[in-house]
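Coordinate inspection notes
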Amino acid sequence: MKTIKFFSDILIITWDNESETIISYADLRKLCPCAMCGGESDVLGNVYGGTSVALNKEIKILKYNRIGHYGVQFYFSDGHKDGIYTFDFLKKHQKQN
Ligand SMILES: [Zn+2]
């Protein structure tokens, strides 16, 4: 991952190969992969986002931490910060245009 740019309600991640992932904060919050939000892992270790999170169009991201070379932790404006979004996860869940 090269950069993350934050806009009013979306973020754009640029990967090392110059491809981009565009995802809304609302989608990102809804997809939170942490156990509390109902995220699950399959046998291959792929993590799927929670289904119990209501879509919140007003959600913002206050800050983020890079987690090693594989993921990002986002601090949401609703106080939630438990989900680690792996790069693979983010690439897979990007908004389709
Ligand atoms: Zn969560």
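Residues numbered from 1 in each chain as written. Predicted model: local features only at pLDDT ≥ 70, side-chain atom pairs only at ≥ 80, totals over all residues.

Before going further, it helps to spend a moment on the overall build of the chain. Along the chain, the regular secondary structure elements total two helices and eight strands. Looking at the chain as a whole, 19% of its 97 residues are labelled buried. Considering only contacts within the chain whose residues lie at least 6 apart along the sequence, 36% involve residues at least 24 apart. (Helix = DSSP H or I, 4+ residues; strand = E, 2+ residues; numbered from the N terminus. Buried ≥ 20, exposed ≤ 12 C-beta atoms within 10 Å, placed from the backbone. Contact = placed C-beta atoms within 7 Å.)

With that settled, consider unusual backbone geometry. A positive phi angle, close to 75 degrees, is found at Glu18, a residue other than glycine. For Glu18, a count of 7 C-beta atoms within 10 Å corresponds to the exposed category.

Right, let's get into the pairing of strand S6 (residues 61–67). Summarising burial for S6: zero of the seven residues are buried, a small minority. For S6 and strand S7 (residues 71–76), the ladder comprises six bridges, and the chain directions are antiparallel. Following the sheet pairing, Lys63 is matched in S7 by Tyr75. In sequence, S6 turns back onto S7 through a hairpin of three residues, with Gly68 there showing a positive phi of about 50 degrees. (Pairing = 2+ DSSP bridges.)

In a beta sheet, neighbouring strands are held together by backbone hydrogen bonds and run either parallel or antiparallel to one another. Taken in spatial order, the three strands of this open sheet run S6-S7-S8, and their pairing is antiparallel. The outermost strands of the open sheet, each flanked by one partner alone, are S6 and strand S8 (84–86). The average angle at which neighbouring strand axes cross in this sheet is 30 degrees, direction not considered. (Axes fitted to C-alpha atoms, helices over the stretch in contact; angles between N-to-C directions.)

With that settled, the discussion passes to the sheet that holds strand S3 (residues 20–24). Spatially, three strands are ordered S1-S2-S3 in an open sheet, and the strand pairing comes out antiparallel. Strands with a single pairing partner mark the edges of an open sheet, and in this sheet they are strand S1 (3–6) and S3. The sheet shows a mean angle of 15 degrees between the axes of neighbouring strands, taken without regard to direction. Across four bridges, the pairing between S1 and strand S2 (residues 10–14) is antiparallel. Among the inter-strand pairings, Thr3 is bridged to a residue of S2, identified as Thr14.

Turning to the confidence of the model for the chain, a few remarks are in order. For the chain, per-residue confidence averages 86 on the pLDDT scale, and 82% of positions sit at 70 or higher. Least confident of the elements in the chain is strand S5 (residues 47–48), whose mean pLDDT is 61; most confident is S7, at 97. (pLDDT = per-residue confidence, 0-100.)

Turning our attention to the environment of Val72. Secondary-structure assignment places Val72 in strand S7. A tally of 20 C-beta atoms within 10 Å means that Val72 is categorised as buried. Distance in space between the C-alpha atoms of Val72 and Leu90 is 9.3 Å, their sequence separation being 18 residues. What Val72 contacts, discounting residues up to four positions off in sequence, is Tyr64, Arg66, Ile67 and Tyr85.

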